[in-house]
Amino acid sequence: MDLRVNICGVELKNPITTASGTFGFGHEYGEFFDLSELGGVGVKGLTPTERLGNPAPRIAETPMGILNCVGLQNPGIDRFIEEQIPFLRQYDTKIIANVSGNTVEEYCGMIEKISDADVDLIEMNISCPNVKCGGMAFGTQPKMVEEVVSAAKKYAKKPLIVKLSPNVTDITEIARAAVASGADALSLINTLLGMRINVDTRRPILSNIMGGMSGPAVFPIAVRMVYQVRKAVDVPIIGMGGIRTGRDIAEMMLAGADAIAIGTAMFADPMAPVKALNELKEYMIQHGIEKVTDLTGAVEV
Amino acid sequence: MATQEMCRVVGNREIGAGLFELTMEAPVLCMQAQPGQFVHITCGEGNLLRRPISICNVQDGQMIVVFQVKGDGTAWLSKRREGDVLDVLGTLGHGFRMEELGDHPIFIGGGIGVPPMLMTMRAAKENGAKPEAILGFRNQNAVILEDAFRRLGETHVCTDDGSYGVHGFVTDVLKLHVQEATAICACGPKPMLRAIAEIAEAQGIPCQVSMEERMGCGIGACLVCACELKLKDGQEGVRYGHVCKDGPVFDSKEVVW
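For every chain, the first residue of the written sequence is number 1, and numbering continues from 1 along that sequence. Whichever chain is written first is A, and whichever ligand is written first is 1; the rest continue in order. Local features in a predicted model are, by the rule used here, given only for residues with pLDDT of at least 70; side-chain atom pairs are given and counted only at 80 or more, and totals for whole chains, interfaces and linings are based on all residues.

Asker: Quick one: what's the story with the interface of chain B and chain A, residue by residue and with numbers?
Answerer: Here contacts are defined at the residue level, using C-beta atoms placed from the backbone and a cut-off of 7 Å between them. Facing 25 residues of chain B, the contacting portion of chain A comprises 28 residues. Top element by residues in the side of chain B that touches chain A is strand 13 (residues 226-230) of chain B. It accounts for 3 residues. Residues are grouped as follows: nonpolar covers Ala, Val, Leu, Ile, Met, Phe, Trp, Tyr, Cys and Pro; charged covers Asp, Glu, Lys and Arg; every other residue, Gly included, is treated as polar. Looking at the side of chain B that touches chain A, its residues break down into 15 nonpolar, 5 polar and 5 charged. A helix here means a DSSP run of H or I that spans at least four residues, while a strand means a run of E at least two residues long, and both kinds are numbered starting from the N terminus.

Asker: How would you sum up the sheet that holds strand 8 (residues 132-137) of chain B? Please name residues and give values.
Answerer: Residues and elements named next belong to chain B. Note on pairing: two strands pair once DSSP finds at least 2 bridges between them. Taken in spatial order, the 7 strands of this open sheet run 10-9-8-7-11-12-15, and their pairing is mixed. The sheet terminates laterally at strand 10 (166-167) and strand 15 (249-251), the two strands that pair on one side only. Across 5 bridges, strand 7 (residues 105-110) lies against strand 11 (residues 183-187) in parallel orientation. Of the residues in strand 11, the one forming a bridge with Gly109 is Cys187.

Asker: Quick one: what's the story with the pairing of strand 9 (residues 154-159) of chain B, residue by residue and with numbers?
Answerer: Residues and elements named next belong to chain B. Put simply, a residue is buried when 20 or more other C-beta atoms lie within 10 Å of its own C-beta and exposed when 12 or fewer do; between those, it is partly exposed, and each C-beta is set from the backbone. Along strand 9, 5 of the 6 residues are buried, which leaves the element largely enclosed by surrounding structure. Here strand 8 runs beside strand 9; their pairing, made up of 6 bridges, is parallel. Bridging across to strand 9, Ala133 finds its partner in Thr155. With 2 bridges joining them, strand 9 and strand 10 adopt parallel strand pairing. Among the inter-strand pairings, Thr159 is bridged to a residue of strand 10, identified as His167.

Asker: Pulling in residues and values, what's your account of the UniProt feature "domain: FAD-binding FR-type" (unreviewed entry) in chain B?
Answerer: UniProt positions are given in the numbering used here, feature names are shortened, and annotations may be inferred rather than shown by experiment. UniProt records the feature "domain: FAD-binding FR-type" (unreviewed entry) for residues 2-98 of chain B in the present numbering. Structurally, residues 2-98 of chain B comprises 13% helix and 51% strand, and the distance from its first C-alpha atom to its last is 21 Å.

Asker: Before we move on, can you summarise the domain arrangement of chain B with the specific residues and values?
Answerer: Residues and elements named next belong to chain B. One can read the domain layout of chain B as domain 1 (3-92), domain 2 (103-212) and domain 3 (214-257). Each domain's extent was defined by an automatic or database domain assignment. Between domain 1 and domain 3, the C-alpha centre-to-centre distance is 24 Å. Tallying the contact residues gives 8 residues for domain 1 and 7 residues for domain 3. Counting only elements with at least two residues in the side of domain 1 that touches domain 3, the list comes to strand 3 (38-41) and strand 6 (85-92). When the residues that make up the side of domain 1 that touches domain 3 are grouped by side-chain class, the tally is 5 nonpolar, 2 polar and 1 charged.

Asker: Talk me through helix 7 (residues 246-255) of chain A; I want residue IDs and the actual numbers.
Answerer: Residues and elements named next belong to chain A. Counted residue by residue, helix 7 has 7 buried out of 10 residues, so it is predominantly covered. Buried within helix 7 are the following residues: Asp248, Ile249, Ala250, Glu251, Met252, Met253 and Ala255. Contact partners of the buried residues in helix 7: helix 6 (219-232), strand 15 (237-240), strand 16 (259-262) and helix 9 (272-286). In the segment just after helix 7, Gly256 is the residue with positive phi, at about 140°.

Given below as structure tokens:
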């Protein structure tokens, strides 16, 4: 059975990665399973300098999902390079560095710096709903996407993945703009903007009022968007949004994903990525699939 | 070290209004458990997030947790019966620093903050200290674990409405006993903890507080359970610690009240 997938010349041993923002830098889940089991590790979103994030409460629950407003709390790119890359390099897995900025210049600076660090893939986050400047503002208008991606691409010495926001009218328009501006691959979806209110106090549950929704509840939306984007562009896609099981992975790949990421599911079960990998293998045996890449885009409509 | 253990329920009974004491077989978790730590329990199929519940006591490979029914998840947990199996992560967080308590620590619990103080007070007694407890409840129906605390040392019970024990807050009782204290450990609502921290600071007594916040992963990866802390070395500004990993127990002087 061949589980290898190729993202822009970088070979992942299997299609399973972790979604940025759900996995820290791998230390915590590394207590539960060997990080070398993963195709790749998507690390917490990085910014030019340390960010404290938003006040608590940063999480609200909804049936089969959560909303968060962490606000990109991270130690800054320099400390990531110094302290975290050596830790992650102990494992046989690919490092996907996720970077954000407030301005086009900041994105360029981040991508220049991370390109010279020992990472395998760069994921450019133009879709965070929880920060005041930048973030999602860049990812929801094709003109802004073109501006920031084409500028950043000039500094990228590693494959550049652009992470898309689902909070748009037409995701294919954004995907096309990103690819036309130099995106080597796309990842989707980031979280859906949502809100919950405590009806007893009449106050929003989240400190930031609104937050990004994730978890199994958003899975069908992610599948739909990956399906649409697969038909619109011809670059590798990392599909994410509510994946829990091996059969979910198969579904996301049939819709058009080359690789996938698991995120929120780990909060319910820290072993979710390893269990999903085993389930994916079972699915492949059951269906006589030799190469996992044969699943990509193979939905029969 | 965090572990995932499938734990068989041994018993589950209501010990106060909406308050349940659940006992489960958890040999691995019991060996790891430190006073003030918590476990993270899956509560039914429909609830994605686990529920963090502090450890009340461990004995012979069995773990006791006491929880309050607040929503769907804890309601589901209250219906578990002997033989049911729970998916439990633990033991999580930094508990109380027992080596800093001295000869006469005072343990204060408010409401659902009472249970974790039991294991903590027991550990202090086993370490040779002469511990004292102050327990606060809303009213008589909410009073739990009183006898268990009395077996460990002098115990004061107070209720907000005076329906049982001393009429008043734990801080009223604390003020009468604080002079003899070598340390204070407390768990309960934030306003209570703040008031206790003020008294401790005024008396120059070390004080550790167990904080609560809405939690996600429970192990320090998702960064949602942020707790505002002071910067180290008295610098201006704040930083966010995380209740699940850096806490739940913090030095009261670290916390931004």
